[in-house]
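# Observations on the three-dimensional arrangement
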Amino acid sequence: MTSAALGAAGEVDAVDELRMTTRVAHEALERADLILPATRDRERYALLVGGMLSFHLAVERELRRHDETLRRRGVTTAGCYRAEPLRAESRRLGSPSCPEPAFGLTSAAHAVGALYVLEGSTLGGTVIGASLQRHLGLSSSYYGVHGSRTKARWTNTCRQINRFAPSDAERAAMRDGAIATFGALHAHLEAILHRSWE
């Protein structure tokens, strides 16, 4: 943790707290190695895209319910909605129609936790996009959604999350939202890529 992550009273900022408390869930998803192998097989990649689309549809529907509250408190969701590029990519690849996961966000703070996961995933998306291009010769409007603006956008998202300035109860809800989003994504991709939903 850097000194910049500490406030005047020595408190950990919201983003660093989210990073620390989601580490186990994040690492579990990475260890499962569900995404990168799919970039080396066209059929499996089409399945992945179908699964990511159904996941985003479920999460984004919940996020939109909190858009107005988040906007009033300085957090913008503009640009985080990526279901449409996924839908276009799904059609191009002939992806199967996958069931949506059960997912809920009960408060604005809960939604901020989900936003942290969605926006943070764009950083790894650049690596996934490069692997997809290298192995299958495909480009992805989803994994390269922000292009050269990815890092700057993430920095701005972190700034907004830290400015959200939640109470202790809201910080707990943010943590719960982020952990729930990681867990939902992990379980959903396991089911989709192993076709246990069929």
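Each chain has its residues counted from 1, running along the sequence as written. Where local features are concerned, this predicted model is filtered to residues with pLDDT of at least 70; where side-chain atom pairs are given and counted, the filter is 80 or more; whole-chain, interface and lining totals use all residues. Excluding hydrogens and water, the side-chain values take into account all heavy atoms of the structure.

### Overview of the overall build of the protein
This is how the line gets drawn: For the purposes of this entry, the term helix denotes a DSSP run of H or I that reaches at least four residues, the term strand denotes a run of E that reaches at least two, and both are numbered from the N terminus. When we talk radius of gyration, it's over C-alpha atoms, and the globule rule is simply 2.2 Å times the number of residues to the 0.38. Accessibility here uses a 1.4 Å probe with only protein chains present; expressed as a share of the type maximum, an area under 20% marks a residue as buried, one over 50% as exposed, and anything in between as partly exposed. Contacts are assigned to residue pairs that have any heavy atoms within 4.5 Å of one another. Residues counted as positive are Lys and Arg, residues counted as negative are Asp and Glu, and His and the chain ends are not counted. A charged residue contributes its charge at one atom only: NZ of Lys, CZ of Arg, CG of Asp or CD of Glu.
Of the regular secondary structure elements, the protein holds eight helices and zero strands. Helices and strands in the protein line up, N terminus first, as α-α-α-α-α-α-α-α. Its C-alpha atoms give the protein a radius of gyration of 17 Å, within 12% of the compact-globule value 16 Å for 198 residues. For the C-alpha atoms alone, the extent of the protein along its principal axes is close to 50 × 30 × 30 Å. Evaluated residue by residue, the protein yields a buried proportion of 47% over its 198 residues. A separation of at least 24 residues holds for 84% of the contacts in the protein among residues at least 6 apart in sequence. For the protein, the centre of its 25 positive side-chain charges and the centre of its 22 negative side-chain charges are spaced 5 Å apart.

### Side note on the environment of Ala-25
By the secondary structure assignment, Ala-25 is in helix 2 (residues 23-32). With a relative accessible area of 19%, Ala-25 lands in the buried category. Linking Ala-25 and Ser-131, residues 106 residues apart in sequence, is a C-alpha distance of 23 Å.

### Quick notes on helix 8 (residues 168-193)
Note the cut-off: Given the number of residues in a helix, its expected span is that number minus one, multiplied by 1.5 Å.
Spanning 26 residues, helix 8 covers 38 Å between terminal C-alpha atoms, matching the ideal 38 Å at 1.5 Å per step. Of the residues flanking the end of helix 8, it is Arg-195, one or two places downstream, whose phi is positive at about 55 degrees.

### A closer look at the side chain of Thr-77
When you line up the elements, Thr-77 lands in the loop between helix 4 (67-72) and helix 5 (83-93). Judged by relative accessible area, which is 7%, Thr-77 ranks as buried. In this view, Thr-77 contacts Asp-67, Leu-70 and Leu-115; residues no more than four positions away in its chain are not counted.

### Regarding the side chain of Glu-89
Filter applied, for reference: One side-chain nitrogen of Lys or Arg within 4 Å of one carboxyl oxygen of Asp or Glu is enough to make a salt bridge. Distance and chemistry together define a polar contact, namely a pair of N or O atoms within 3.5 Å, with one atom able to donate a hydrogen and the other to accept it when in protein, and with adjacent residues in sequence counting only for side-chain atoms on both sides.
Following the sequence through the fold, Glu-89 ends up in helix 5. Of the side chains with opposite charge, Arg-92 comes closest to the buried, unpaired Glu-89, at an N-O distance of 4.2 Å. A distance of 2.4 Å separates the side chain of Glu-89 from the side chain of Tyr-45, its partner in a polar contact. If sequence neighbours within four positions are ignored, Glu-89 has contacts with Tyr-45, Val-49, Ser-139, Ser-140, Ser-141 and Tyr-142.

### What about the confidence of the model for the protein?
Reading predicted coordinates in detail is not appropriate for stretches of low pLDDT. The condition that has to hold: Scored from 0 to 100, pLDDT records how confident the predictor is in each individual residue.
Chain-level statistics for the protein give a pLDDT mean of 90 and a share of 93% at 70 or above. Model confidence for the protein, summarised as mean pLDDT per element, is weakest for helix 7 (residues 150-163) at 92 and strongest for helix 3 (residues 42-64) at 96. Overall, residues 1-10 carries pLDDT values under 50, and its contacts beyond four positions in sequence, including any with other chains, amount to 11 contacts.

### What to know about unusual backbone geometry
Backbone phi values are negative for most residues with the exception of glycine, while trans is the configuration of most peptide bonds. With phi around 50 degrees, Asp-33 is a residue other than glycine that occupies positive phi space. Here Asp-33 lies in the loop between helix 2 and helix 3.

### Considerations on the packing of helix 3 against helix 8
Convention followed: Orientation is described by axes fitted as lines to C-alpha atoms, over the contacting stretch for helices, and by angles from 0 to 180 degrees between their N-to-C directions. Here the word oblique covers every angle except those under 35 degrees (roughly parallel), over 145 (roughly antiparallel) and from 65 to 115 (roughly perpendicular). Note on convention: near helix rotated counterclockwise from far helix by under a right angle means a left-handed crossing. Clockwise means right-handed. Polarity classes work like this: nonpolar for Ala, Val, Leu, Ile, Met, Phe, Trp, Tyr, Cys and Pro, charged for Asp, Glu, Lys and Arg, and polar for all others, with Gly in that last group.
One way to put it is that helix 3 packs onto helix 8 with a least axis distance of 10 Å and a crossing angle of 140 degrees. Here helix 3 lies oblique to helix 8, going by the angle between them. Every pair of crossing elements has a handedness; the one defined by helix 3 and helix 8 is right-handed. Residue-level contacts link Arg-44, Leu-47, Leu-48, Gly-51, Met-52, Ser-54 and Phe-55 of helix 3 to Thr-181, Ala-184, Leu-185, His-188, Leu-189, Ile-192 and Leu-193 of helix 8. In the contact of helix 3 with helix 8, the residues fall into nine nonpolar, four polar and one charged.

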